[in-house]
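A closer look at the structure
Here is what each chain is made of, one letter per residue.
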Amino acid sequence: MLKLVVLSGAGVSAESGIPTFRDAGGLWEGHDVMEVASPQGWQKNPELVLDFYNKRRAAAAAAKPNEGHLALASLEEDFDVTVITQNIDNLHEQAGSSNVIHLHGLLSQARSSIDENMIYDIGTKDINLGDLCKKGSQLRPNIVWFGEMVPMIEKAAKISEQADIFIVVGTSLAVYPAASLIDYVPYTSKIYVVDPNMPYIKDKHNIKLVNAKATTGLKEIAVELKANYH
Ligand code: APR
C-alpha cells in the first residue's frame, strides 16, 4: 500500500463550525493569541486561559466531522494513511481516521504544569483553578503554546519522509515547525494543497493546487487518488 500523509490545519474544521485563527485578523475569539496561547499569558492570567480553552472544548464537543474529514478517513481503504494535524479538536478521529498525530496537543487532555509527561484524559470536562496533578501543581490544557517545543515534530518529520502522496489541507503554513514538514516529503512524491486561499509554497515541483474548501477539495482528491493509484 502506498503511504499517504496528510498535514491538516484549522481550515479542515472550518466547515464543522470551528473558526480558523488567521482569518480572524490575528484575534482569536476576541483575544490576542499571546494572551491565551503562550506561557507568558498563562503566568499572567491562568483563569482567563482556562476559561478560553474551556469554551473551545465545549465548542469542539458540539462540532461534528464534515465531509472533508470523512473523505480522508475513507482513504484508509486504499492507502496507509497518517494524518498529522495542527488542530486540537478530535474531528479526524471522530470521522474514523485511525493514525492521527496531534502536533499542537488536544483539548480533551489536561497536563501538569510542572511535568509535561503527566497527561490526563478529561474528555469534554472543564479545567478549573485548583484542579491539581498528582504532584500538586495546577492542571493546564495539554496544548503546545507559542514559544513551546513541539514534542511530536520529529515523529511527524520521519513520517513525512516516507510519504508517497502528501496532502496539505486548511493551513496557512504560517506556524513553524509544522509548516516545514512539506520540506521532508521526497522530491518524487505527489503533493496536493487544498485551500480556498492558497498558502505560499516555495517549491512547486509535483504539486497540484486545489483551490477549494476542504469538503469539496478532499472529496475530489479522494476520487482521483482511488482511481489513479489503485
Ligand atoms: N477549507 C479549507 N481551508 C480553509 C477553509 C475551508 N473551508 N476555510 C479557511 N481555510 C484556510 C485558510 O485560507 C487558511 O489558509 O485554512 C487556513 C487556516 O489558517 P490558520 O488560521 O493560520 O490555521 P493553521 O494553519 O491551522 O494555524 C496553525 O497556528 O494559531 C496557531 O497553534 C495554532 O495550530 C494552529 C497554528
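Just so it is clear, the structure is predicted and the values come from calculations on it, not from any experiment.

**Brief notes about the domain arrangement of the protein chain**
Taken domain by domain, the protein chain holds domain 1 (1-17 + 65-104 + 150-230) and domain 2 (19-62 + 108-143). Once you take the C-alpha centre of each, domain 1 and domain 2 turn out to be 26 Å apart. Summed over both partners, the interface of domain 1 with domain 2 buries about 740 Å², with 67% contributed by carbon and sulfur atoms. The largest contributions to the domain 1 side of the interface with domain 2 come from Ala 10, Ile 88 and His 104, which together make up 45% of the buried area. Summed over the shared surface of domain 1 and domain 2, the number is zero salt bridges.

**Considering helix 5 (residues 67-74)**
For helix 5, the complete set of buried residues consists of Gly 68, His 69, Ala 71, Leu 72 and Ala 73. Buried residues along helix 5 sit against strand 1 (3-8), helix 1 (11-14), helix 6 (91-95), strand 9 (165-169) and helix 8 (214-228). The N-cap of helix 5, judged by a side-chain oxygen 2.7 Å from the amide nitrogen of Gly 68 a few residues on, is Asn 66.

**As for the site of the ligand**
Near the ligand lie 21 residues; those nearest to it are Arg 22, His 104, Thr 171, Ser 172 and Asp 195. With respect to the ligand, the backbone of Ala 10 contributes an N or O atom lying 2.8 Å from an oxygen atom. Between the ligand and the protein, one listed contact pairs an oxygen atom with a backbone N or O atom of Gly 170 at 3.3 Å. Its free accessible area being 740 Å², the ligand has 92% of it covered by the protein chains. Mapped onto the domain boundaries, the shell around the ligand takes at least three residues apiece from domain 1 (1-17 + 65-104 + 150-230) and domain 2 (19-62 + 108-143).

About the thresholds
- Residues numbered from 1 in each chain as written.
- Predicted model: local features only at pLDDT ≥ 70, side-chain atom pairs only at ≥ 80, totals over all residues.
- Heavy atoms only, no water.
- Domains from an automatic or database assignment.
- Buried area = accessible area lost by both parts, 1.4 Å probe.
- Salt bridge = Lys/Arg side-chain N within 4 Å of Asp/Glu carboxyl O.
- Buried < 20%, exposed > 50% of the residue type's maximum accessible area, 1.4 Å probe, protein only.
- Helix = DSSP H or I, 4+ residues; strand = E, 2+ residues; numbered from the N terminus.
- Contact = heavy atoms within 4.5 Å.
- Polar contact = N/O pair within 3.5 Å; in protein donor to acceptor, adjacent residues only side chain to side chain.
- Near = heavy atom within 4 Å.
- Areas by Shrake-Rupley, 256 points an atom, 1.4 Å probe, with all protein chains shown as cover.

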